[in-house]
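Residue-level structure breakdown
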Amino acid sequence: MIRPNLSEAVSKQVNAELYSAYLYLSMSAWADRKGLKGMSSWLYVQYQEESTHGLHLYRFLLDRGGTPEYWPIEKPESEWESPLALYEHVARHEAHVTALLNDIASLSMQEKDHATYQFVMWYVNEQVEEESNAETIIQRLQLIGSNSGQLLTLDAELGARVFVNPFPMTGAIPTVA
Ligand code: OFO
């Protein structure tokens, strides 16, 4: 059974993941409004991933006898100056989420809760890819500058991303389509 302090930490992480989903949905709508349909689709896939993360953590919490708490989900920003500003926000946000996950990993070790430690380490490792993806897109956008033709090429590339449920064997998690 998970200890109350770790239960609260995981519950807060559920909230953080659902906020992430909300933020990416807002970003997806912004890109759609700017005519960047590929970027909008990439960000929507990110919304789907974050929703799945929230539900996956929620299921883990219940399986460990924890008590989910339901704090309000903060209203995300909805305007960015440019695609570059948006992806810089993505990078900052993902670095923040990484710090939250590292804190849960440290608390799990302190509490000698190896199950929670192992569970949360999947997320810690996943963040390496998420931070790297954001940095790569930032570099591309910096190179593109004000070249709208190259921006549309990048937009088409981003539009090729498809959602793959990272937890297909976890039947208790509703599919986020
Ligand atoms: Fe939940 O993966 Fe990034 O934030």
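Scroll up to find the structure this text is about.
The text that follows walks through the structure, step by step, so that each part is easy to find.

Criteria and cut-off values
- Within any chain, residue numbers begin from 1 and follow the written order of that chain's sequence.
- Confidence filtering applies because this is a predicted model: local features only for residues at pLDDT of at least 70, side-chain atom pairs given and counted only at 80 or more, and all residues used for totals across whole chains, interfaces and linings.
- Water and hydrogen atoms were dropped before computing side-chain values, which therefore reflect all heavy atoms in the structure.
- Only the stretch in contact is used when fitting a helix axis, every axis being a line fitted to C-alpha atoms; angles between N-to-C directions are given from 0 to 180 degrees.
- Helical segments are the DSSP runs of H or I of at least four residues, strand segments are the runs of E of at least two, and each set is numbered from the N terminus.
- Working definition: roughly parallel below 35 degrees, roughly antiparallel above 145 degrees, roughly perpendicular at 65 to 115 degrees, and oblique for all remaining angles.
- Only heavy atoms enter the contact rule, under which two residues are in contact if any of them lie within 4.5 Å.
- Only Asp, Glu, Lys and Arg are considered charged, only Ala, Val, Leu, Ile, Met, Phe, Trp, Tyr, Cys and Pro nonpolar, and every remaining residue, Gly among them, polar.
- An expected span of 1.5 Å times one less than the residue number is assigned to each helix.
- A crossing counts as left-handed when the near helix is turned anticlockwise from the far one by less than a right angle, and as right-handed when that turn is clockwise.
- Here the term patch refers to residues with relative accessible area over 30% and no salt bridge, with like charges joined within 9 Å and nonpolar side chains (Val, Leu, Ile, Met, Phe, Trp, Tyr) within 5 Å.
- Here the Shrake-Rupley method, with its probe set to 1.4 Å, supplies the accessible areas, and only the displayed protein chains count as covering residues.
- Salt bridge, as used here: a side-chain nitrogen of Lys or Arg that lies within 4 Å of a carboxyl oxygen of Asp or Glu.
- Residue burial is assigned from relative accessible area. The probe radius is 1.4 Å, only protein chains are included, and a residue is buried under 20% of its type maximum, exposed over 50%, and partly exposed in between.
- This count recognises Lys and Arg as positive and Asp and Glu as negative, with His and chain-terminal groups excluded.
- Any two of the Phe, Tyr and Trp rings considered here, Trp counted by its six-membered ring, make a pair once their centres fall within 6.5 Å; the pair's planes then place it as stacked at under 30 degrees, edge-to-face at over 60, or tilted in between.
- Lysine and arginine charges are scored as sitting over a ring when NZ or CZ, respectively, is within 6 Å of the ring centre and within 35 degrees of the ring normal.

Our focus in this paragraph is the packing of helix α2 (residues 37–63) against helix α4 (residues 114–144). Running from amino to carboxyl end, α2 crosses α4 at an angle of 170 degrees, the nearest separation of the two axes being 12 Å. Taken as axis vectors, α2 and α4 run roughly antiparallel relative to one another. Of the residues in α4, those touching α2 at W42, Q46, E49, E50, H53, H56, L57 and F60 are A115, T116, F119, W122, Y123, E126, E130, N133 and I137. In terms of residue class, the contact of α2 with α4 is built from 8 nonpolar, 5 polar and 4 charged.

Its 30 residues place the ends of helix α1 (residues 4–33) 44 Å apart at the C-alpha level, agreeing with the 44 Å of an ideal helix rising 1.5 Å per residue. Where α1 terminates, the next one or two residues include G35, which has phi positive at roughly 85 degrees.

Attention now moves to the packing of α1 against α2. As a packed pair, α1 and α2 sit with axes 8 Å apart at the nearest point and diverge in direction by 165 degrees. With respect to their mutual orientation, α1 and α2 come out roughly antiparallel. Our pair here, α1 against α2, has a crossing hand that is left-handed. A per-class count over the contact of α1 with α2 returns 15 nonpolar, 10 polar and 4 charged.

Where nonpolar side chains cluster on the molecular surface, the patch consists of L18, Y22, L25, Y44 and I73 and spans about 390 Å² of accessible area. Ranked by residue count, the leading element in the nonpolar patch is α1, at 3 residues. Here Y44 lies in helix α2. A residue is classified by how much of its surface remains accessible, and Y44, at 32% relative accessible area, is partly exposed.

The residue K112 is located in the loop between α3 (83–110) and α4 in this model. Of the residues examined, K112 reaches a relative accessible area of 67% and is grouped as exposed. Placed 21 residues apart in sequence, K112 and A91 show a C-alpha to C-alpha distance of 31 Å.

Mapped onto the elements, E50 comes out in helix α2. Despite being buried, E50 has no salt bridge partner; R161 is the closest side chain of opposite charge, sitting 7.5 Å away. Excluding its chain neighbours within four sequence positions, the residues that come into contact with E50 are E17, S20, A21, Y24, E94 and E130.

Per the stated rule, a full pass over the model turns up 9 aromatic pairs. With 5.1 Å between their ring centres and 45 degrees between their planes, Y44 and Y47 make a pair best called tilted. Here the residue Y44 and the residue Y47 both occupy positions in helix α2, the gap between them amounting to 3 residues, near one helical turn. Judged by centre distance (3.9 Å) and plane angle (15 degrees), the ring pair of F60 and F119 falls under stacked. Note that F60 is positioned in helix α2 and F119 in helix α4, a separation of 59 residues in sequence. Here a set of aromatic residues connected by ring pairs shows up, and it is made of F60, F119, W122, Y123 and F167. Here the basic side chain of K12 rests over the ring of W71, its NZ or CZ set 5.8 Å away from the ring centre. Above the ring of W42, the side-chain terminus of R161 is found at 4.4 Å from the ring centroid.

In short, the description is geometric, and any link to function would need to be established separately.
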